[in-house]
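Here are the chains, one letter per residue:
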Amino acid sequence: MTYCVAIKLDDGLVFASDSRTNAGVDQVSTYSKMHTFETEGERLFVVLTAGNLATTQAVVNRLKREMEEGVEGSFADVTHMSEAAEYLGRVNREEQEKHSEALSKSGIVAEATLIIGGQIQGEEPEIFRVYPQGNYITTSTHTPFLQIGESKYGKPILDRIITPATPLGDAARCALVSIDSTIRSNLTVGPPIEVFVYEGGSYAFEHYLCLDADNDYLHALTHAWDDNIKKAFIDLPRFDWEATKGRKKRGTLFHARASKQASKTSR
């Protein structure tokens, strides 16, 4: 399993991904899920991958080869980000079909889900989630981020913090907290964590981090988040009954003396 997130903001894009690949309890490996493609000063793409490792590696290798060879319709000459997403969907679908029949006989699913983001000169930065079937979706004003992989644990913090107006630095920290929350709840997601912050219009890979488990900044960030979320919990409004000195009792008040008197009367 994996977890990747991409965020579209007014100022640019933020990408973050873990690096753990799990094929069983005794087959845990580390592979980057963040892949970059660039024509300097003209176009820049980031692809995040989740799913069958053989499929994602085949897809990424083909994307690189066809861009280098200048294949028509590849990353080398698409004119819109939506065309790049469509091309990625087609490559993904074709690579899955090559081995799906043989893999299915062994009970292995060849599917892969991807996120592509970036900018082409003359266009605004965009991100898209590309499904195994080749179709894709993009962001909206109310949901300016996309996730793939083990997404449920990291979504609440994104929902609460991220808006299109969020500064790039804040969004990058939020993405890291989102991944940290996922790591806490799912052992199949783990470091190193890769983060890339793209300033719109720069067409450059300038703000990239790869954070190992023992990275000082990652430790400081996770500890600060833990401490502050505990403090926020402690500072939550109290119930009315917590403010009273004595314990309020519900139901019939029972006194032993009254009970004895009632017993004598009944005789």
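Each remark here, short or long, concerns the structure printed above.
Residues numbered from 1 in each chain as written. Predicted model: local features only at pLDDT ≥ 70, side-chain atom pairs only at ≥ 80, totals over all residues. Heavy atoms only, no water.

Student: Any chance you could explain helix α2 (residues 81-105) here in plain terms?
Tutor: An α-helical segment advances 3.6 residues per turn. Residues three or four places apart therefore align on the same side. The first and last C-alpha atoms of α2 sit 36 Å apart over 25 residues, in line with the 36 Å expected at 1.5 Å per residue. Bending of α2 peaks at approximately 50° at the position of H99. Turning to α2, its buried residues number three or more, namely M81, A84, A85, Y87, L88, G89, V91, N92, E95 and Q96. Those residues of α2 that are buried are in contact with β6 (43-51), α1 (53-68), β7 (112-120), β8 (126-130) and β9 (136-138). Note on α2: the residue one or two positions beyond its end, G107, has a positive phi of about 75°. (Helix = DSSP H or I, 4+ residues; strand = E, 2+ residues; numbered from the N terminus. Expected span 1.5 Å × (residues − 1). Bend = angle between axes of the 7 residues up to and from the residue. Buried < 20%, exposed > 50% of the residue type's maximum accessible area, 1.4 Å probe, protein only. Contact = heavy atoms within 4.5 Å.)

Student: How should the pattern of salt bridges be read in this particular structure?
Tutor: Between side chains of opposite charge, a pair can form when the charged atoms approach closely. A full pass over the atoms with the stated rule returns 14 salt bridges. A salt bridge links K152 to E150; the nearest nitrogen and oxygen atoms lie 2.6 Å apart. On the accessibility criterion, E150 (11% relative accessible area) is buried. A salt bridge links R184 to D226; the shortest N-O distance between them is 2.5 Å. Taken together, the residues R184 in helix α4 (residues 168-185) and D226 in helix α5 (residues 216-234) connect sequence positions 42 residues apart. What makes R184 exposed here is its relative accessible area of 54%. On the accessibility criterion, D226 (15% relative accessible area) is buried. Overlapping salt bridges, with partners in common, bring together R62, E66, R90, E94, E95 and K98 in one network. (Salt bridge = Lys/Arg side-chain N within 4 Å of Asp/Glu carboxyl O.)

Student: I'm lost on the layout of surface pockets in this one. Help?
Tutor: Over the atoms a probe the size of a water molecule is rolled, and this reveals where empty space is left. As a volume, the largest pocket reaches approximately 530 Å³. Secondary structure elements with two or more residues in the lining of the largest pocket: β3 (20-22), β6, α1 and β7. When residues of the lining of the largest pocket are assigned to their parent elements, the largest contribution, five residues, is made by α1. Residue composition of the lining of the largest pocket, grouped by class: ten nonpolar, 13 polar and four charged. If you add up the space inside the second largest pocket, you get close to 230 Å³. Lining the second largest pocket are Y153, P156, I157, R160, D180, S181, R184, W225, D226 and I229. Elements represented by at least two residues in the lining of the second largest pocket include exactly α3 (155-161), α4 and α5. Looking at the lining of the second largest pocket residue by residue, the class counts come to five nonpolar, one polar and four charged. (1 Å grid on protein atoms, 1.4 Å probe; cavity = no way out; pocket = protein on both sides within 12 Å on 5 of 7 lines; lining within 4 Å. Points joined across faces, edges and corners; volume = space filled by probe spheres on them. Nonpolar A, V, L, I, M, F, W, Y, C, P; charged D, E, K, R; others polar.)

Student: Where do I start with the environment of Q133 in this structure?
Tutor: Mapped onto the secondary structure, Q133 falls in the loop between β8 and β9. On the basis of relative accessible area, Q133 is assigned to the exposed category, the value being 51%. With residues up to four places along the chain from it excluded, the contact list for Q133 reads R93 and E111.

Student: Help me understand the packing of aromatic side chains in this model?
Tutor: Aromatic rings in a pair are described by how distant their centres are and how their planes are angled relative to each other. Scanning all chains against the criterion turns up eight aromatic pairs. Ring geometry for F196 against F205: centres 5.0 Å apart, planes inclined by 40°, an arrangement best described as tilted. Ring plane angle 5° and centroid distance 5.7 Å describe the contact between F239 and W241, whose orientation is recorded as stacked. Just as F239 is exposed, W241 falls in that class too. (Phe/Tyr/Trp six-rings, centres within 6.5 Å; stacked < 30°, edge-to-face > 60°.)

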